[in-house]
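Commentary on secondary and tertiary structure
Given next are the chains, with one letter for each unit.
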Amino acid sequence: MSAASCLRSEDQFLCCICLDVFTDPVTTPCGHNFCKNCITEHWNSNDQYLCPMCNKVFNTRPELHVNTFISEMVSQFRQEAQQKASSSSEQQAAKPGEVPCDICTGTKLKALKSCLVCLTSYCETHLEPHLTISRLKRHQLMDPVENLEDRMCMKHDKPLELFCKTDQTCVCMLCSVLDHKTHEFVPLKEEYEGKKAELGKTEAEIQQMIQKRRLKIQEIKHSVDLSKEDADREKAEGVQVFTALKESVERSLNELIEMIEEKQRTTEKQAEDFIKELEQEISELMKRNSEVKQLSRSEDHLHLLQNFPSLKAALPTKNWTDVSVHPSYEGTVVRAVTQLEETLSKEMKKLVEAELKRVQQYAVDVTLDPDTAHRKLILSDDEKQVNHGDVKKNLPNNPERFSYCVCVLGKQSFSSGRFYFEVQVKGKTEWDLGVVRESINRKGKITPRPQDGYWTIWLRNGNEYKALTGPSVRLSLKSQPQKVGVFVDYEEGLASFYDVDAAALIYSFTGCSFTEKLYPFFSPCPNDGGKNSAPLIICPVNQTE
């Protein structure tokens, strides 16, 4: 097999960090290969020992050793590549876009190197003196480039060998003693090394940024997977509930139809019995009528007198005046619908119970912020309770404090994700609860509505509940909540309120535009001469199984 056919692909020996052929290749426990220096710097600049290829995280920093097998393969690959390059360069004419040899006459061969001292590019043949003659060996060779004159000082026609740190430009030796004599200089190589080191740091930063974005991609993909699981669960529950409801409706309809038809059958049977009885009486009366007619025409005095008593016998005496057939269907449909409504309420309660358990998973620890509390409010030492006092405390009127309305905010703010908290409202006749945006007006009267940054509900007069939607919506609740749960999904634009004990949804603000930080909002309202003195209490969330 020829050497050319045995050449490995360069891609097999590239480090994914520096994108160059391996130098001191090492292998991680997950089986991936990197330059020893590259993976070491990568781990030094990150908080985790993570494989850049497969994202596997190692709990402890793996001990790395040079993989001698791969190292030998890389070395062989370099030799083969050099041989191939050398072989292919022989008598190869320069193609468009390639640097031609400046010495060749006639057909210009492809340049192998450029000399920064001679400012000339050489093919392999004409490069030979620079590789063999000791004086020329000291010249600086580089990969072939065009426009070598650009590497000469245009003013002094000397090679650009120094870097002026003051002016941040490349200069020649004469520039350093003439035009830049008071400036700070370093050799080009020294500045090159410094800039190369900076590029190395930049590359490491870029690699770190790439890694962070890869991790973010994994995080987003994981979120999508979780979202799909939630969607599948919601669909399954929806199908189950609506199938049960559909079956319940169909069953109720069938029962209603059967009930009406049974009533109709009973009515028809009753009418049939009445008709039969009436026809029998008619038959008897017709027979009696015929006998009466016959006897009344008799000329036989004795016969008439002898048969008269039997014809005067009692006739049918049943009074049919009040007898009628009037089937009653009134209320049948209403009762059926009422029964169906009870079934729907039971199913709805099951749904809300399941939903409440899900949102309780996002419970957060909320405490009250004294710096925002109105001066008549009294906060408990643990900052979990608030009630209204009659005396204004002497507190600074800082910008965060409510000056007119007896309100207080939570210390915690939320600008993404989901959160949930519960507040005991037992024993109160008035209260306000919800969430507000950071920039709400805290001085003077406030208008609690979404367009002004309030997503709240309230209780007034002991039994009047409203959602403050602007205009407000009156809420009809089956029971008075003793504990209210507040759930917010920031990205979804959702704020929901629950009666925790009854497992009932009180109200949901949907399609909300949350663009700022959100804060929990509380108002115990004035104590009303002691009638409303009970505190609002932030409760720990009991996540029942």
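Everything that follows concerns the structure shown earlier in this document.
Here's what I pulled together on the structure shown here.

Rules of the game
Residues numbered from 1 in each chain as written. Predicted model: local features only at pLDDT ≥ 70, side-chain atom pairs only at ≥ 80, totals over all residues. Heavy atoms only, no water. Phe/Tyr/Trp six-rings, centres within 6.5 Å; stacked < 30°, edge-to-face > 60°. Helix = DSSP H or I, 4+ residues; strand = E, 2+ residues; numbered from the N terminus. Buried < 20%, exposed > 50% of the residue type's maximum accessible area, 1.4 Å probe, protein only. Lys NZ or Arg CZ within 6 Å of the ring centre and 35° of its normal. Pairing = 2+ DSSP bridges. Axes fitted to C-alpha atoms, helices over the stretch in contact; angles between N-to-C directions. Contact = heavy atoms within 4.5 Å. Disulfide = S-S within 2.5 Å. Arc of directions from axis to C-beta.

Here the focus is the packing of aromatic side chains. Note on aromatic pairs: each is described by the distance of the centres and the angle between the planes. All chains considered together, the criterion is met by 13 aromatic pairs. Ring centres of Trp 455 and Phe 514 lie 4.9 Å apart, and the angle between their planes is 80°; on these two criteria the pair is classed as edge-to-face. With a gap of 59 residues between them, Trp 455 in strand 16 (residues 454-460) and Phe 514 in the loop between strand 21 (504-509) and strand 22 (518-523) connect regions that are remote in the sequence. Both residues of the pair, Trp 455 and Phe 514, count as buried. A connected cluster of aromatic rings, assembled from ring pairs, spans Trp 43, Tyr 49 and Phe 58. The side chain of Lys 318 reaches across the aromatic face of Trp 320, ending 4.1 Å from its centre. Note that Arg 460 overlies the ring of Trp 458, its terminal NZ or CZ placed 3.8 Å from the centroid.

This brings us to the sheet that holds strand 8 (residues 162-164). Strand order in the open sheet made by the 3 strands is 9-8-10, with antiparallel pairing throughout. Strands with a single pairing partner mark the edges of an open sheet, and in this sheet they are strand 9 (169-171) and strand 10 (185-187). Neighbouring strand axes in the sheet, compared pairwise and without regard to direction, differ in orientation by 35° on average. Looking at chain direction, strand 8 and strand 9 are connected through 3 bridges and run antiparallel. If you follow Phe 163 over to strand 9, its bridge partner there is Cys 170. Those strands touched by helix 7 (residues 188-296) are strand 8, strand 9 and strand 10, and its axis lies near 85° from that of strand 10.

As a further point, take the state of the cysteines. By the definition in use, this model includes 0 disulfides. For the unlinked cysteine Cys 118, the closest cysteine sulfur is that of Cys 115, found at 3.6 Å. Cys 118 sits in the partly exposed class, given a relative accessible area of 29%. Left without a disulfide partner, Cys 539 is nearest to the cysteine sulfur of Cys 525, which lies 17 Å away.

Now for the sheet that holds strand 13 (residues 408-409). Across the sheet, which stays open at both edges, the 6 strands sit in the order 13-22-15-16-17-18 with antiparallel pairing between neighbours. Both outer strands of the open sheet, strand 13 and strand 18 (473-475), are each paired with one neighbouring strand and no more. Strand direction decides the pairing type here: strand 17 (residues 464-467) and strand 18, joined by 3 bridges, are antiparallel. For Lys 466, the partnering residue across the bridge sits in strand 18 and is Arg 474.

Moving on, we come to helix 2 (residues 36-44). Looking at helix 2, one finds that the buried residues are Cys 38, Ile 39, His 42 and Trp 43. Along helix 2, the residues classed as buried sweep out an arc of 125° about the axis, all on the same side. On its buried side, helix 2 packs onto strand 1 (25-27), strand 2 (33-35), strand 3 (49-50), strand 4 (57-58) and helix 7.

This brings us to unusual backbone geometry. A negative phi angle is the norm for most residues apart from glycine, just as the trans form is the norm for most peptide bonds. The linkage connecting Gly 470 with the following residue, Pro 471, adopts the cis geometry, with an omega of 0°. By the secondary structure assignment, Pro 471 is in the loop between strand 17 and strand 18. In this structure, Asp 24 is a non-glycine residue whose phi angle is positive, near 50°. Its location among the elements puts Asp 24 in the loop between helix 1 (3-6) and strand 1. We note that Asn 461 has phi near 55°; this positive angle belongs to a residue other than glycine. By the element assignment, Asn 461 lies in the loop between strand 16 and strand 17. A residue is classified by how much of its surface remains accessible, and Asn 461, at 55% relative accessible area, is exposed.

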